[in-house]
Amino acid sequence: MNVLRTIALILSLGFLSSILFYKIRELRNLSIIASLSVALGFVIKFFGIYTGIKRAFSYKDLFYFKFDAFSNFFVVLILGVGLLAILASWNYMKEKKGETFFYVFFMLTILGMVGLVYSRDMLSFFIGWEVMTMGSFLVILQSNEKDRFKFALRYFIISLIGAYSLLWSMFIIYNKVHSFKFSAFNSSVFTKGELTTLLITISIGFLIKAAIMPFHTWASGAYSRSPLTFTAFFSGAMSKMGIYGLFIFLYGSIGLSAIYKTGYNEFFQTSYFQYTLVWLGVITAFLGTLRAILSEDIRVMLAYSSVGQLGYMLIGIGLGSTLGLTATLFHVVTHGLFKTSLFIVVAAIIHRTGKTKFHELGGLINNMPIAFIATLISIITLAGIPPLGGFATKWLLYEAMIEKRMFFATAITMLASIGAFLYAYRLIQNLFLGQRKLEHDDVKPAPLTMQIAMLIPALGMVFLGFFPNLLIKYTNLFIELINIDFFKLGVKVTDTAFTNSYGYWNAFYLGSAVVIIFIVSTIYYNLQRRAKIYKIGQLDIYTAGEYVTRETPLNYSFNFYGFIFDSLKPAIKYSVTNFITRISKEFIALSDFVRRIYTGNGQHYAIFTMIFTIITLIYFLS
Amino acid sequence: MVDYAILLIALPLFAAFLIPLVAMVNKNWPKYIPILVTAFNSVLSINLLLYLNAHNGTPFIVKIGGFIPPFGINLFIGYLAIILLMLISFVGLMISLYTINTVKDAESRYYMLFILLLMGVTGLVITGDLFNMFVFLEITSISAYSLTAYKRDGLSLEASMKYILIGSLASVFVLIGIGVIYYSTHTLNIADISNHINTVPKYIKMFSLSMLLIGLAIEAELFPVNGWVPDVYQASPTPVTTIFSSIVVKATIYVFFRVLFTVFRADLTVMNFVMGLGVITLLIGEISALKQVNIKRMLAYSSIGQVGLIVIAISSYSSMGVAGGIYQMINHAIFKGILFLGTAYMITSVSGTGKISDLKGIAQKMPISSFIVSFSIIALLGVPPLTGFWAKMMILSSVMSSGHQIIVALILFATVVEAVYYLKFIAVIYDSSEITNSFKSTIKFNKIVPIVLFALTIILFSVVPQFLVKFQDVLLKAANELTNVSSYISIVLGS
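Residues numbered from 1 in each chain as written. Chains lettered and ligands numbered in written order. Predicted model: local features only at pLDDT ≥ 70, side-chain atom pairs only at ≥ 80, totals over all residues.

**Q** Help me get a handle on the overall build of chain A, residues and values and all.
**A** In terms of regular secondary structure, chain A is built from 23 helices and seven strands. In terms of overall size, chain A behaves like a compact globule, its C-alpha atoms giving a radius of gyration of 26 Å where 622 residues would be expected to give roughly 25 Å. The principal-axis extent of the C-alpha atoms belonging to chain A is close to 105 × 65 × 55 Å. Across chain A, contacts joining residues at least 24 apart in sequence account for 78% of those joining residues at least 6 apart. (Helix = DSSP H or I, 4+ residues; strand = E, 2+ residues; numbered from the N terminus. Rg over C-alpha atoms; globule rule 2.2 N^0.38 Å. Contact = placed C-beta atoms within 7 Å.)

Next up, the structure:
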């Protein structure tokens, strides 16, 4: 029995049942969850156990698929995050307008993604890619936001431009090597100029999906207007498809030596193309973070945070060294975990309160304790504070950048991760701590399925914090398949730590130390508390002799980082979004002009015919 | 023998002239005659397909009146002709079904003109004689002029007037071209002309080529001589518009390339010129559609754009490209069938003048038609794995392999533009706000059925890959029939 066929069958059954039972909530959701979890279990079980199973699959010498570490890494991410998002949607989408078709298109998206990740030829990759884009576009339309279509359309059109940039490159390659297979790529038939063009057009396709600046203009709208549980998947798993695509096209198909052929810089030990990618990543990490700091809407903040985090991943890809790629893959997982958790938390808060702005919320810690814990763990990971998993990413990434002597870029990236502290802090300060709004006194805790869906990634993050080496063992397999200077600068894994040529990171000891300190201090605190109970309420403050009530706003959360905003005001008005809007307006004006060629006057048409006659006669008779 | 193939033309002609007599007996009967005729033609073309399959797919000729080809008129039937015949009769059947109760106060002459139009188009795709082709072109055009003016309001009369003006120019050009060629080769049989075309002085050949190219470009809706198209499409009754977009223009494109490929044995300079025309037509059509507010006009511009795409594909001259062009012809006929009929069905249910904004939120009231229309739009945009994607793949790969990378980029660009206005249209019909327009709830079975059948065809072409692979062979054979001149001559004239 072929593994791939089985997985395809299981997922297709899930898709079909989402169509068949589209009106029966329990049956539909259960069958989708069953299908996803069976497929997930299947992938995990058969990965690396059986050797006798036929692992490749091809159809009519046109479509090739393969079941290996390369793909399974991302498939596990897709199915895992998808499962959590569907679980969270059970309550989130309940009784909402787009509920029935939400699941159908969600499953379609997952099908497309799994297909593209397993594919080993450009044609089926492209088919999966388009199905994914179409499916996600349709999912966005199922939300209840008024302006959803505007943003969904923007997302789809920009994605389409990216996809066609990819398609164009595919045909250029096919025209030369006469095969769509990734492994058939042969750099010797291309000139230097053609290779450069190819690299650029291919990257544009993927950078758009990963929302790297300056191709990020769709991201904040599409992320924030989707049904939020889907956004968890969108940001947690789907944006990584851009990263996966870059991986497989740049390093799996075209190859490092061909990239070096387009122009190699001795100082940075990398090609100019990759150097550009690194800088794009750095700029995205920096500006994305800045935008996130300045956002007043929780969803938009998380969207820009995703943009920034994808920037980190691109840096690793651009570096193209084992360290860099390991950092990227590690970050793919950690970002997948914490963004899923955060978006589900935000979905739960918006679901319960109906508010989307920071300053409209606050003090929800007593109402939603589980959500608070999930958020806390997530933002510790996001900010890269040891002992949780985010630190390992940063550690690997900075070392990888320093290894390539990109010191200035490293400094900016570090600045960006400080920015990540700033915006991540708002999630705790403005949502859970501070003063609770009067109307939120009776807010119920997050629905059960959402609590499960936000806690599982949190547990994953804690686990990853203690045992990052387990994941790195896995990413090593992945990188081995691509075979980039693996043995030269590999990341070695021991039982409790991982080592590279610069040092080692023993997360287990440090994590254990933190846990011990935490336990000791908790015990100490509780002993102290027993000694003297003295509670201070939120209103026990006497400012200027005035008596404060619940109505008095006590903590400030509106325009939280206003001082940063004020200092950057002149720069902010120049944004890529405005530029693109301007271009599209100009284009529509052009279309209005072109439309007027058809004047509606028969005499004009007769004149056109005469002019055409003259042109044709001149062309053919000369 | 397959001499009965002549019935494809003869029966509709007979039926068309029978209609006034039938109308005298009963006023309601004429509207069923188009259904019978198109159904008969469908069966006949399937029969011919089976015959062709049984004979290794070698095209055959039908000698009319028993005269041997250079002296008499012959029909040339291969896979290409049969694909087009099936398209004509299938789409014709769907439209005839739709037409019942659609055209207000439809008189018998409406159905008569309708059948004559179909007959003219059928003749165009199977005839092997150049002058006969002109005759069929005239039959098609004249019935098209009259059908355009059928509503007899200001808009349709004006459109028809423009159509006659430009159409008669086309006839003149075609006639001059044919005259010149007849003068220098003394024959009208396409195969025979092709045999002697190299003996004709180059100037005369190029002059008559230019004349025919201009005349047929007008009929095939190529820029800059397609000014009549938006007006005519907008003003005609919808079933007629659908026929124009789905069938008539396909047949004229076929004629256009049959004349260029077979009669003139066109070389690369001619084909590059035609490809340039195709690219401009595609871009202008799609860009003009972007800001349209009237649905039919938007679809008309989109139609122009698609014609450009088909012409680019066929003028790439490679067998894959021509096959892709033929595939796109089929796809486009089906998609535009759904779009024109589906939107017209929606428009009749609301009050308004056929603006896109009139259909705001219509999906809440008409979920099935809205879904099918959106589905066909998605298929038209070439979202894999639907059928539009495969056609586009064939076209792009062949254009790319003929070395026109920029043209591939332009085609993709045009598709993006197409996506913008079509998705905006979907946005309007799926708008979830309250419907302000008054809505007449009328579920008409005969209008839903054609749309659903069209949608099933899309699914059939899309999801049955086994079928697709066989289908690709057929397409390649059909492409070969169009491009391979020597086999055409040997089949018609004997070796």
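Still to come is the rest of the account.
**Q** So what about the overall build of chain B? Which residues, and what values?
**A** Looking only at helices and strands, one finds 19 helices and two strands in chain B. Its C-alpha atoms give chain B a radius of gyration of 22 Å, near enough to 23 Å, the size a compact globule of 495 residues would have. When each of the 495 residues of chain B is scored for burial, the buried share is 60%. Contacts spanning at least 24 positions in sequence make up 80% of the contacts within chain B whose residues lie at least 6 apart. (Buried ≥ 20, exposed ≤ 12 C-beta atoms within 10 Å, placed from the backbone.)

**Q** Could you give an account of the packing of helix α23 (residues 602–621) of chain A against helix α8 (residues 202–219) of chain B, with specific residues and numbers?
**A** Orientation of α23 of chain A relative to α8 of chain B, taken along the N-to-C sense of each, is 150°, at an axis distance of 9 Å. With respect to α8 of chain B, the axis of α23 of chain A lies roughly antiparallel. When the axes of α23 of chain A and α8 of chain B are compared, the crossing they make is right-handed. On the side of α23 of chain A, the interface is formed by Thr 609, Phe 612, Thr 613, Thr 616, Leu 617, Phe 620 and Leu 621 of chain A, while α8 of chain B contributes Tyr 203, Met 206, Phe 207, Leu 209, Ser 210, Leu 213, Ile 214 and Ile 218 of chain B. In terms of residue class, the contact of α23 of chain A with α8 of chain B is made up of eleven nonpolar, four polar and no charged. (Axes fitted to C-alpha atoms, helices over the stretch in contact; angles between N-to-C directions. Parallel < 35°, antiparallel > 145°, perpendicular 65-115°, else oblique. Left-handed = near helix turned anticlockwise from the far one by under 90°. Nonpolar A, V, L, I, M, F, W, Y, C, P; charged D, E, K, R; others polar.)

**Q** Quick one: what's the story with the interface of chain B and chain A, residue by residue and with numbers?
**A** It is common to give the size of an interface as the accessible area lost on bringing the parts into contact. Taken together, the contacts link 46 residues of chain B with 41 residues of chain A. Contributing elements (two or more residues each) for the side of chain B that touches chain A: α6 (154–185), α8, α9 (228–235), α11 (268–289), α15 (387–401) and α16 (405–429) of chain B. The greatest single-element share of the side of chain B that touches chain A, amounting to eleven residues, is contributed by α16 of chain B. Each residue belonging to the side of chain B that touches chain A can be placed in one class, and the counts come to 34 nonpolar, eight polar and four charged.

**Q** Could you give an account of the domain arrangement of chain A, with specific residues and numbers?
**A** Residues and elements named next belong to chain A. When cut into domains, chain A gives domain 1 (1–241), domain 2 (263–574) and domain 3 (577–621). Elements that contribute at least two residues to the side of domain 1 that touches domain 2 include exactly α3 (69–92), α7 (192–209), α8 (219–225) and α9 (228–238). Broken down by element, the side of domain 1 that touches domain 2 gets its largest block of residues, eleven residues, from α3. (Domains from an automatic or database assignment.)

**Q** An account of the environment of Ile 214 of chain B is needed here, citing residue identities and associated values.
**A** Mapped onto the secondary structure, Ile 214 of chain B falls in helix α8. When the C-alpha atoms of Ile 214 of chain B and Phe 173 of chain B are compared, they prove to be 6.8 Å apart, with 41 residues separating the residues in sequence. Apart from the residues lying within four places of it in its own chain, the contact partners of Ile 214 of chain B are Phe 612, Thr 613 and Thr 616 of chain A together with Phe 173 of chain B.

**Q** For the environment of Arg 595 of chain A, give the residues involved together with the corresponding values.
**A** Note that Arg 595 of chain A resides in helix α22 (residues 576–595). Given 19 C-beta atoms within a 10 Å radius, Arg 595 of chain A is considered partly exposed. Residues within four places of Arg 595 of chain A in sequence aside, it is in contact with Ser 288 and Lys 291 of chain B.

**Q** Give me the lowdown on the nonpolar core, citing residues and values where you can.
**A** Within the largest apolar cluster, 383 residues are counted, with the highest numbers of intra-cluster contacts made by Ile 78 of chain A together with Ile 326 of chain B. Split by domain, the residues of this core number at least three in each of domain 1 (1–241) and domain 2 (263–574) of chain A. In this structure Ile 326 of chain B touches Leu 80, Ile 83, Leu 475, Ala 478 and Ala 479 of chain B, once residues within four positions along its chain are discounted. (Core = buried A, V, L, I, M, F, W, Y, C linked by C-beta atoms within 7 Å.)

**Q** I'd like a description of the pairing of strand β2 (residues 74–77) of chain B, backed by residues and values.
**A** All names here are of chain B. The side-chain alternation of β2 yields two buried faces, one formed by Asn 74 and Phe 76 and the other by Leu 75 and Ile 77. In this sheet, β2 lies alongside strand β1 (residues 60–63) in antiparallel orientation, the contact comprising four bridges. If you follow Phe 60 over to β2, its bridge partner there is Ile 77. (Pairing = 2+ DSSP bridges.)

**Q** Run through the confidence of the model for chain B, naming residues and quoting values.
**A** All names here are of chain B. Residues of chain B with pLDDT of at least 70 account for 96%, and the chain-wide mean is 86. The spread of mean pLDDT over the elements of chain B runs between helix α18 (residues 465–483), the lowest at 77, and helix α12 (residues 295–315), the highest at 91. With pTM at 0.90, the complex prediction returns an ipTM value of 0.88. (pLDDT = per-residue confidence, 0-100.)

**Q** Tell me what's going on with the packing of helix α4 (residues 99–118) of chain A against helix α5 (residues 122–140) of chain A, and back it up with residues and numbers.
**A** All names here are of chain A. Direction vectors running N to C along α4 and α5 enclose 160°, while the axes themselves pass 7 Å from each other. By the angle between their axes, α4 is roughly antiparallel relative to α5. Both α4 and α5 take part in a crossing whose hand is left-handed. Contacts between α4 and α5 involve Phe 102, Phe 105, Phe 106, Leu 108, Thr 109, Leu 111, Gly 112, Met 113, Gly 115 and Leu 116 from the first element and Ser 124, Phe 125, Gly 128, Trp 129, Val 131, Met 132, Gly 135, Ser 136, Leu 138 and Val 139 from the second. Per-class residue counts for the contact of α4 with α5 are 13 nonpolar, seven polar and no charged.

**Q** For unusual backbone geometry, give the residues involved together with the corresponding values.
**A** Glycine aside, the phi torsion of most residues is negative, and most peptide linkages are trans. Residues Met 213 of chain A and Pro 214 of chain A are joined by a peptide bond in cis, for which omega reads 5°. In this structure, Pro 214 of chain A sits in the loop between α7 and α8. Phi angles above zero are rare outside glycine, and Arg 405 of chain A is one such case at about 60°. Its location among the elements puts Arg 405 of chain A in the loop between α16 (390–403) and α17 (407–432). We note that Arg 265 of chain B has phi near 45°; this positive angle belongs to a residue other than glycine. For Arg 265 of chain B, a count of 15 C-beta atoms within 10 Å puts it in the partly exposed group.

**Q** How would you sum up the environment of Tyr 547 of chain A? Please name residues and give values.
**A** With respect to the helices and strands, Tyr 547 of chain A occurs in the loop between α20 (507–531) and α21 (562–572). Separated by 268 residues in sequence, Tyr 547 of chain A and Trp 279 of chain A have C-alpha atoms that sit 54 Å apart.

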